[in-house]
Amino acid sequence: MKQIEARALSYLGFAVRARRVVIGVALVCEALKKVPNGSDKSPLIVLEAADTSANTHKRIVDRTLYYKTPAVRLSINGDALATAVGKRGGTVGAVGVTDQNLAAAIAALYGVSVSDSH
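What counts, and where the lines are drawn
- Residues numbered from 1 in each chain as written.
- Predicted model: local features only at pLDDT ≥ 70, side-chain atom pairs only at ≥ 80, totals over all residues.
- Heavy atoms only, no water.
- Helix = DSSP H or I, 4+ residues; strand = E, 2+ residues; numbered from the N terminus.
- Rg over C-alpha atoms; globule rule 2.2 N^0.38 Å.
- Buried < 20%, exposed > 50% of the residue type's maximum accessible area, 1.4 Å probe, protein only.
- Contact = heavy atoms within 4.5 Å.
- Areas by Shrake-Rupley, 256 points an atom, 1.4 Å probe, with all protein chains shown as cover.
- Expected span 1.5 Å × (residues − 1).
- Phe/Tyr/Trp six-rings, centres within 6.5 Å; stacked < 30°, edge-to-face > 60°.
- Core = buried A, V, L, I, M, F, W, Y, C linked by side-chain atoms within 4.5 Å.
- Salt bridge = Lys/Arg side-chain N within 4 Å of Asp/Glu carboxyl O.
- Arc of directions from axis to C-beta.
- Polar contact = N/O pair within 3.5 Å; in protein donor to acceptor, adjacent residues only side chain to side chain.

1. Some thoughts on the overall build of the protein
Moving on, step 1. A count of helical and extended segments in the protein gives five helices and four strands.
Moving on, step 2. Counting from the amino terminus, the protein carries its helices and strands in the arrangement α-β-α-β-α-β-α-β-α.
Moving on, step 3. In terms of overall dimensions, the protein is globule-like: its C-alpha atoms have a radius of gyration of 13 Å, near the 13 Å expected for 118 residues.
Moving on, step 4. By its C-alpha atoms, the protein is 35 × 30 × 25 Å across when sized along the principal axes.
Moving on, step 5. Classification of the 118 residues of the protein by burial places 40% in the buried group.
Moving on, step 6. Intrachain contacts of the protein at a sequence separation of at least 6 include 73% that bridge at least 24 residues.
Moving on, step 7. Split by element, the accessible area of the protein, about 6300 Å² in all, is 51% carbon and sulfur.

2. Let's talk about helix 3 (residues 54-66)
Moving on, step 1. Here helix 3 is 13 residues long and its end C-alpha atoms lie 18 Å apart, about the 18 Å a rise of 1.5 Å per residue gives.
Moving on, step 2. A positive backbone phi angle near 55 degrees is found at Lys68, which sits one or two residues after helix 3.

3. What to know about the packing of aromatic side chains
Moving on, step 1. Applying the stated criterion across every chain, the model contains one aromatic pair.
Moving on, step 2. Measuring from centroid to centroid gives 4.8 Å for Tyr66 and Tyr67, while their planes differ by 85 degrees, and the two rings are edge-to-face.

4. Quick word on the nonpolar core
Most often, soluble globular proteins keep nonpolar side chains buried together rather than apart.
Moving on, step 1. Judged by nonpolar contacts, the single largest core of 22 residues is most densely connected at Leu12, Ile45, Leu74, Leu81 and Val97.
Moving on, step 2. Put simply, the parts of the chain that give this core at least two residues each are helix 1 (3-17), strand 2 (45-48), helix 4 (78-84), strand 4 (94-97) and helix 5 (100-110).
Moving on, step 3. Apart from residues no more than four positions distant in its own chain, Leu81 is found in contact with Leu9, Leu12, Leu47, Ala49, Leu74, Ile76, Val92, Gly93, Ala94 and Val95.

5. Examining the pattern of salt bridges
Moving on, step 1. As enumerated under the stated definition, the model contains four salt bridges in all.
Moving on, step 2. As a salt-bridge pair, Asp99 and Arg20 come within 3.7 Å of each other at their nearest N and O atoms. Of this pair, Asp99 sits in the loop between strand 4 and helix 5 while Arg20 sits in the loop between helix 1 and strand 1 (21-23), placing them 79 residues apart in sequence.
Moving on, step 3. Asp99 gets classed as buried once you look at its relative accessible area, which sits at 18%.

6. Section: helix 5
Moving on, step 1. Within helix 5, the full set of buried residues consists of Leu102, Ala103, Ile106 and Ala107. Within helix 5, the buried residues cover an arc of 135 degrees as seen down the axis, which keeps them to one side. Facing away from the buried side of helix 5, by more than 90 degrees, are the exposed residues Asn101 and Ala108.
Moving on, step 2. Those residues of helix 5 hidden inside the fold are in contact with helix 1, strand 2 and strand 4.
Moving on, step 3. Where helix 5 begins, the capping side chain belongs to Asp99, and its oxygen is found 3.2 Å from the backbone nitrogen of Asn101.
Moving on, step 4. Gly111 lies just past helix 5 and shows a positive phi near 75 degrees.

It is worth stressing that arrangement in space is one thing and function is another; only the former is reported here.
Laid out in structure tokens, this is it:
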């Protein structure tokens, strides 16, 4: 794991402790779709595990592009992402961060920007 990803997962841990995350592909897609922009439940950045299927990857990419939300595909698998967000004994395909400051910090690590209006 690269140092950038280690820092991103550290920020993700802060977001989990602050309860400012949406965990799971289905919940992330629903949060992007149903929650109006500007709500505190809307993901500002989406982190995707490296081992998601092609269909799941397309689903995440299509939704994040449509709703203008940055997405980052990590090099860790779903098991490691699940461990990072405190879900033991399972896999997590995607996590959305809803906190503006933590999302901006994660986005800065990967060189993407987070929209303030979202």
